[in-house]
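An overview of the molecular structure
This is what each chain is made of:
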Amino acid sequence: MKKRVLTGDRPTGPLHLGHYVGTIINRVKLQKEYETFIIIADVQALTTNFEHPELLKNDVFQVAVDNLACGVDPNISSIFIQSMIPEIAELTVYYSMLVSVNLLSHNPTIKTEAKQYNFEKSMPYGFLGYPVSQAADITFCKANLVPVGEDQLPHIELTRKIVRKFNQLYGEVLVEPEPLLSHMPRLPGLDGGAKMSKSLGNCIYLGDSKEVVEKKIKRAVTDPKRIHPTDLGHPEVCTVFTYHKAFNQNDYLEIEHSCREGKIGCVACKEKLISVINQFLEPIRERRKYYEERKKEVMEILYEGTKKAKKIAEETLEEVRAAIKIDYFK
Ligand code: TRP
């Protein structure tokens with residue numbers, strides 16, 4: 001039997017270049033070798049967006065389109081909607097017994113996000129607990145491998161802890177997953193911030209037009225010590241250089257060298273990047289357009305993917321309930 005990959009996204013808007021280099025690139029690469037499940041985590045999106053449920057339908061659709069446009073092949077991978085699999089919610093409740101509030105509140109990703117969403121003074125219980133729900137996302141299908149960005153590592157670690165504890169207490173039912181990082185596990189934002197993030201408004205989206213990409217890159221932060229094009233540069237602190245490293249495998253070493261020697265200025269370096277990113281995004285834009293115009297086809301793909309994931313979830317939950325002795329009428 002093929003091993004399984006599970007990963008996915010929180011639908012709080014369209015996906016960006018950080019998602020691509022952090023995880024989507026690996027989904028596409030691994031889908032032939034692994035049985036692949038892509039979760040659109042709409043319930044997780046509600047943990048921060050609960051005041052705006054009206055956004056969900058379109059955001060779910062956009063995330064599906066982004067995955068398809070990047071090359072996730074619906075004939076071999078299953079893309080599915082989290083909320084349509086109530087077994088995930090059920091599993092979350094069982095797991096919640098195995099995790100302390102203290103452990104959750106020390107999760108560094110939760111801490112960073114709590115700041116962004118102003119949850120520091122009053123943290124919704126569901127938000128604090130979403131990593132537990134994420135453990136259910138990953139384990140209902142007994143995933144072996146989880147391609148993620150660096151920010152997700154604490155959640156995978158928690159998942160592994162829960163699996164070990166569950167198996168130790170109730171018997172070997174669950175599979176302990178491994179995280180998989182890409183060559184660029186964290187992409188900084190255009191503003192030089194630690195991470196490209198929808199909520200920080202420092203992203204290039206996979207659906208951005210040529211003109212928008214150009215405008216955004218022209219405004220991107222570079223090495224602050226460089227005033228003149230001939231000043232010696234420090235690519236290691238430059239966001240634009242990091243993007244070259246992520247998307248311009250062929251030329252980034254030469255650009256690094258020229259920057260250090262003061263032989264290429266920031267304007268020219270940005271021009272190169274604009275052309276690289278636009279070339280990279282062009283086929284994705286075209287496929288995005290194709291799927292955006294075929295909403296019914298996309299919904300059909302989600303329906304089929306969800307059906308397949310649901311069947312597996314039902315099977316796993318039978319085992320889980322038996323293990324924790326709540327299979328009364330069997
Ligand atoms: N937390 C992930 C994000 O914000 C989305 C996600 C939900 C996920 N469930 C998952 C990722 C399971 C990997 C595995 O992008």
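As a reminder, the structure under discussion sits directly above these lines.
Residues numbered from 1 in each chain as written. Predicted model: local features only at pLDDT ≥ 70, side-chain atom pairs only at ≥ 80, totals over all residues. Heavy atoms only, no water.

1. A short note on the overall build of the chain
Of regular secondary structure, the chain possesses 14 helices and five strands. Its C-alpha atoms give the chain a radius of gyration of 21 Å, within 12% of the compact-globule value 20 Å for 330 residues. Seen through its principal axes, the chain has C-alpha atoms that stretch 75 × 45 × 40 Å. Looking at the chain as a whole, 52% of its 330 residues are labelled buried. The long-range fraction of contacts in the chain, counting pairs at least 24 apart against all pairs at least 6 apart in sequence, stands at 77%. When the accessible surface of the chain is totalled, it reaches about 16300 Å², and 55% of it is carbon and sulfur. (Helix = DSSP H or I, 4+ residues; strand = E, 2+ residues; numbered from the N terminus. Rg over C-alpha atoms; globule rule 2.2 N^0.38 Å. Buried < 20%, exposed > 50% of the residue type's maximum accessible area, 1.4 Å probe, protein only. Contact = heavy atoms within 4.5 Å. Areas by Shrake-Rupley, 256 points an atom, 1.4 Å probe, with all protein chains shown as cover.)

2. Quick look at the site of the ligand
In the region of the ligand, 14 residues are neighbours, and Arg 10, Gln 44, Gln 134, Asp 137 and Gln 152 sit closest. One of the side-chain nitrogen or oxygen atoms of Gln 44 is found 2.7 Å away from a nitrogen atom of the ligand. The side chain of Asp 137 places a nitrogen or oxygen atom 2.7 Å from a nitrogen atom of the ligand. Its free accessible area being 370 Å², the ligand has 92% of it covered by the protein chains. Sorting elements by how many residues they give to the shell around the ligand places strand S1 (residues 4-9) first, with four residues. (Near = heavy atom within 4 Å. Polar contact = N/O pair within 3.5 Å; in protein donor to acceptor, adjacent residues only side chain to side chain.)

3. Description of the state of the cysteines
In total, this model carries zero disulfides according to the counting rule given. Cys 70 takes part in no disulfide bond, and the closest cysteine sulfur, belonging to Cys 203, lies 14 Å away. Not engaged in a disulfide, the cysteine Cys 269 finds its nearest cysteine sulfur in Cys 238; these two sulfurs lie 6.0 Å apart. Classification of Cys 269 as buried rests on a relative accessible area of 9%. (Disulfide = S-S within 2.5 Å.)

4. A short note on the side chain of Asn 167
Turning to its location among the elements, Asn 167 is positioned in helix H9 (residues 153-170). Classification of Asn 167 by relative accessible area gives buried; the value is 9%. Here the side chain of Asn 167 touches Leu 174 through a polar contact of 2.9 Å, landing on its backbone oxygen. Once you skip the residues sitting within four places of it in the chain, Asn 167 turns out to touch Glu 172, Val 173 and Leu 174.

5. Considering the environment of Lys 225
Checked against the element boundaries, Lys 225 lands in the loop between helix H10 (210-218) and helix H11 (239-247). It is 61 Å that separates the C-alpha atoms of Lys 225 and Ala 323, two residues lying 98 residues apart in sequence.

6. Details of helix H3 (residues 56-69)
Under the 1.5 Å per step criterion, the end-to-end length of H3 is 20 Å for 14 residues, consistent within 8% with the ideal 20 Å. With respect to burial, H3 is a largely interior element, twelve of its 14 residues being buried. Among the residues of H3, those classed as buried are Leu 56, Asp 59, Val 60, Phe 61, Gln 62, Val 63, Ala 64, Val 65, Asp 66, Asn 67, Leu 68 and Ala 69. Gly 71 occupies a position one or two residues after H3 and carries a positive phi of about 110°. (Expected span 1.5 Å × (residues − 1).)

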